[in-house]
Structure formats: C-alpha cells, structure tokens
Amino acid sequence: MNKDGKKVAVIGSGLGGIAAAISLAEAGYRVEIFEKNPQIGGKLNQLKAEGYTFDLGPSIMTLPHIFERLFERAGKKMADYFTIRPLRPHWRNFFPDGEVIDLYPEPERMDAELEKAGADPARFHRFLDYSGQLYDLVNRGYFEEGLDNAADFRRFYGLWDFRKFDLLRTMHGSVARHVRHPQIRDILDFFIKYVGSSAYAAPAFMNCLPTIQFRYDLWYVEGGLYRIAEGFGRLMEELGIAVHLNREVKKIETGEGRVRGLVTADGETIAADFVVCNMEVIPAAERLLDAPPKALKRLRKFEPACSGLVIDLGLDTVYPQLAHHNFFFSGNQREHFNSVFKKHLLPRDPTVYLVAASRTDPTVAPEGCDCLKILPHIPYLDPENPVPAEEYLALKKRILEKLERMGLTDLRKHVVFEHFWTPVDIERNYYSNRGSIYGVAADRWKNLGFKAPKQSPEYSNLFFVGGSVNPGGGMPMVLLSGQNAARQLVEEDRG
Ligand SMILES: Cc1cc2nc3c(=O)[nH]c(=O)nc-3n(C[C@H](O)[C@H](O)[C@H](O)COP(=O)(O)OP(=O)(O)OC[C@H]3O[C@@H](n4cnc5c(N)ncnc54)[C@H](O)[C@@H]3O)c2cc1C
C-alpha cells in the first residue's frame, strides 16, 4: 500500500479498467471498481445456454505477453489462472468463387496456401517484412510509451522516423502496392477488423496488424475467452481490489479544476484522489461530466468504430469444413467498407466473421454439435436515422443465406438455439458510444489514427482507459491503455 494511502475509483470493469486497477494496486494505491453490470469484463462476455458456450465479445486473443505482464508484476504466472494455446490455421478464408485460403504463421505452410491460390509468396513475404517494420516502429512509441498525439509522435520519433509511418497512404493503398492477388488483398485489408475500421480510410501504419498474428501467433483460451475475465477477477481479489457490481456511476464530482469522486445511481457519493474512467470518453463527457458544447465538439473527430450484429447459433450438427476462425468474404469488399463506414448503411453483402469454437474445444457444445458466433461489421447507431429492427432481421437472413450458399448447406434447419444482438443491445449493455464495438475508428483524415488522450485535458486527476483512448480497441490494446494510464497517473501523483 502506498504510504499516504491514496484512493483511486475506477468506473467500469472492462479490460481497460481492470488493467488500470491491477497496475495501480500493484503500485500501492487503494483501488475500488464500480461496475454497472452484474459481472466484470465489459465486452469480454459470454453466454451459456442449453449446453452451448458462446463468446459474446472477443474470440481471438493476440499478444499474450501484454496480458502476462499484469500477472508478472504481482509475482504470479498467467498460466496458473487460465490456459492458452495457439490455433492452426489462424483463419480459414472462404470466397464466393469457392476458393478457400488458410492463414498459417509458418512460412512453408503459408507458401503452400499462396501457391495453391496462384499468389506470389515472395510478394506476400515482402508485405510481411513491411508490416513487421511498421509494428516495431508503432510498438516502440505508440503502444509502449502511450503516445497520445502528433506532437508526442514528433518528440518521440523525431522527423526521420516519423516519415517511416507511410503517412501518405491508406491501409488499402499500401496493401495494393505490395500484393497483386485480389483475394490476398482482401484478406490483408480485412486485418482492419481488429479495430473495426475501413482499410480504405485507416492510415497505412495499420498494416502493422498482420504482424500481431504472424509474429506473435493467434491464441485460444481453453473453455472460452471469458476465462480471461475470471482470471483477472481472481488476481484482483488477491490484490485486494474491491469490485462493486451492479453499481452504476451517474456523475463524476468536480471542483477547482480537479475531480473529487463519484456519485452512484443509488445516490452514494464516493470521494477519491483519482478517477479512472473506463466508460468511453464521449458518453462520459455527456453523461458523467456534463461537458460544455465546446468540449464535446473537440471530441467529435473521435468517430465511433463500427458496431456489429452478434448472431449466436447452437446447431444439432457439425460443419467439418469450418476451422475455428473463418471469414466468408464479400463479393465486393470495397463496397462493404463503403457501405459500413462511408454511407453508414447496412451492407448488402458483408464480409462475415464466423467462429466455430467447438472445432477445437469440446467443452463449448454438446457432442456432435457446432456452436457458431457470426459477426458482420455494421454501422454504429445514428439516433437521427435509426435502423428499424426489421432491417437488422433482414440482414441476418441475408447472412444466413450467404453462408448456406457458400457451403453451410441447410444451416437454418440445424439451428436449435439462437441468440441475437443488434447495436442497440451492445450500446445498452456496455454504454459504448453509439454501440461501437472497438471504441474509436482509425481514420487517416479525421484523426490520423489517434484516439482520445488518456489524461483529461480539463482535470489532471481524471484518466480514461479502454477502446476510446490510445492506442484503441481490441483486448491487448485496451490492456495497454490501462497500464499506460496507470503509469501516467503515478507520474502525475509524484509531480
Ligand atoms: C462482438 C465483439 C467481438 C470482439 N472481438 C474481439 C476479438 O476477437 N479480439 C479482441 O482483441 N477484441 C475484440 N473485441 C473488442 C474488445 O472486446 C474490446 O476492445 C475491449 O474488450 C473493450 O474494453 P474496454 O476497456 O474498452 O471496456 P468495455 O469492454 O467497453 O467495458 C466498459 C465497462 O464499463 C462499464 N460501464 C460503462 N459505463 C459505466 C458507468 N457509468 N458506471 C459503471 N459502469 C460503467 C460497462 O458496463 C462495461 O463493463 C470485440 C468486441 C465485441 C463487442
């Protein structure tokens, strides 16, 4: 415990909030979390029903060393809390013309897939080298140092390295420069799914994303990804972090340029020396801080990342052609991106992500049955043009028809359990900005790929963590935001 016993109140127990709480408890602060839901984890969530277990949120774990650090600093080992194992293939990619291409991190296996599809392995490897260089660059400063804006970048990287970010191109522009094969282009473009943005709008340095998978592998957590939340839950208990469930925060108390504490929905006022907010920056400004229009206008460039339709199906059969992770590509992926991110319309023919965790984990479905989570990316909510519920249902129907056309014959006849979430449910469950699933979109023109800063510009003892702040969405990134915000808080405290 730090000697003056300073108290930190954390709003929300998403992975960003959890990472900040653990890091601060490890640094000796008294930490309490206030979570509106009956369980911890935020979007890292699960559904168990009729013998099926679904990951309602994340289903792909990457960069496990970032998770491991939180255990290591407490003198523990992550392996004692949950078990992870690498998956092969990483993904299976299905195309409308019947082509199937698997992704493997081993060069020989990947080359065989590329040659089978008529693509040039040498070009692919040159792309991966380029991706690796970008990853090393981005990781050194943006990820690990927690840089927050272009001025931080210029200071840290200097002019020479700043130019290496391939700033004049979009993500797709650079993919197209390296790779000619149209389906391999579509696959590499779709790595942008990790942050819910468009490859045609995201800056080229987002091409660091394939390295996350090809160099550091792609992981599954035995029993489902919610085991991560349970593992962190145990660690928080061991560290003496108090977690208050079903305690919504309604207000952050302020005065004399500082935050003073919280007010919960049941009217209790909790004093704190620091507040860490895992509610996204824009909803928190609107609902907890009653921010003036000028402050809200400044936040507008942090447009929400996409939302999603989450379709969970329990089947009475198995589709053996599925891998653990699968992508069913759009016939026109540019149109898919345009529709979701530019026109803000439900896509006619989206690229669809499908997880069949039952392929490698027998505990998540009854014997002889598959459990599928199907996730197309779709626009975030627009309160001025709400999408009628029937349109979401029509999209679901189109997607199931597409999957049947692309080989999952009679899929709808084999559904014995179904669960379905629209962006409205996502917004309601996590209070995410307009139902966004990854926080803020990476957009070259709107924000250069930056998300909001972690330290409030208005109140120096208020910090934000999670997908709406740098480095953005996805489990490892929000864990970094929590760890980096905690470091910044300690520096602020020491003056
Ligand atoms: C369907 C889906 C699929 C995804 N797939 C992947 C994947 O495969 N791999 C991956 O790495 N990432 C994936 N993600 C993204 C990943 O889940 C998120 O980026 C990450 O978990 C978000 O963490 P966060 O810290 O931003 O907090 P969140 O998870 O958004 O949690 C915020 C928490 O704060 C609570 N809260 C909000 N306001 C208040 C309040 N006023 N008072 C009290 N509590 C409050 C909420 O209830 C919630 O528990 C996916 C997300 C979704 C939804």
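Cut-offs applied
Residues numbered from 1 in each chain as written. Predicted model: local features only at pLDDT ≥ 70, side-chain atom pairs only at ≥ 80, totals over all residues. Pairing = 2+ DSSP bridges. Helix = DSSP H or I, 4+ residues; strand = E, 2+ residues; numbered from the N terminus. Axes fitted to C-alpha atoms, helices over the stretch in contact; angles between N-to-C directions. Near = placed C-beta within 6 Å. Nonpolar A, V, L, I, M, F, W, Y, C, P; charged D, E, K, R; others polar. Expected span 1.5 Å × (residues − 1). Buried ≥ 20, exposed ≤ 12 C-beta atoms within 10 Å, placed from the backbone. Arc of directions from axis to C-beta. Contact = placed C-beta atoms within 7 Å. Domains from an automatic or database assignment.

### Some words on the sheet that holds strand β2 (residues 30-34)
The strands that make up a sheet pair up through hydrogen bonds in the backbone, lying either parallel or antiparallel.
Argument step 1. The strand order across the open sheet built from five strands is β9-β2-β1-β13-β20, with neighbouring strands paired in parallel fashion. The open sheet terminates on both sides in strands that have one partner only, identified here as β9 (242-244) and β20 (462-464). Each strand of the sheet is rotated relative to its neighbour by a mean of 20°, with strand direction disregarded.
Argument step 2. With three bridges joining them, strand β13 (residues 274-277) and β20 adopt parallel strand pairing.

### A closer look at the site of the ligand
Argument step 1. For the ligand, the set of nearby residues contains 38 residues, the closest of which are G12, G14, G16, G42 and G466.
Argument step 2. At the level of secondary structure, the elements contributing two or more residues to the shell around the ligand comprise α1 (15-26), α14 (423-430) and α15 (475-494).
Argument step 3. The element best represented in the shell around the ligand is α1, accounting for three residues.
Argument step 4. Looking at the shell around the ligand residue by residue, the classes come out as 17 nonpolar, 17 polar and four charged.

### Things to note about helix α13 (residues 389-405)
Argument step 1. The end-to-end C-alpha separation of α13 is 25 Å, in line with the 24 Å expected for 17 residues at 1.5 Å each.
Argument step 2. Residues of α13 that are buried include every one of L395, I399 and L403, and no others. The buried residues of α13 occupy an angular sector of 75° when the element is viewed end-on, so they sit on one face. Exposed side chains of α13 directed beyond 90 degrees from the buried face belong to E390, A394, K397, E401 and R405.
Argument step 3. The elements touched by buried residues of α13 are β16 (325-328), β17 (352-355) and β18 (371-378).
Argument step 4. Where α13 ends, the next residue or the one after it, G407, has phi of about 120°, a positive value.

### Notes on the domain arrangement of the chain
Argument step 1. Taken domain by domain, the chain consists of domain 1 (7-44 + 227-302 + 452-494) and domain 2 (119-215).
Argument step 2. Taken together, the contacts link 11 residues of domain 1 with eight residues of domain 2.

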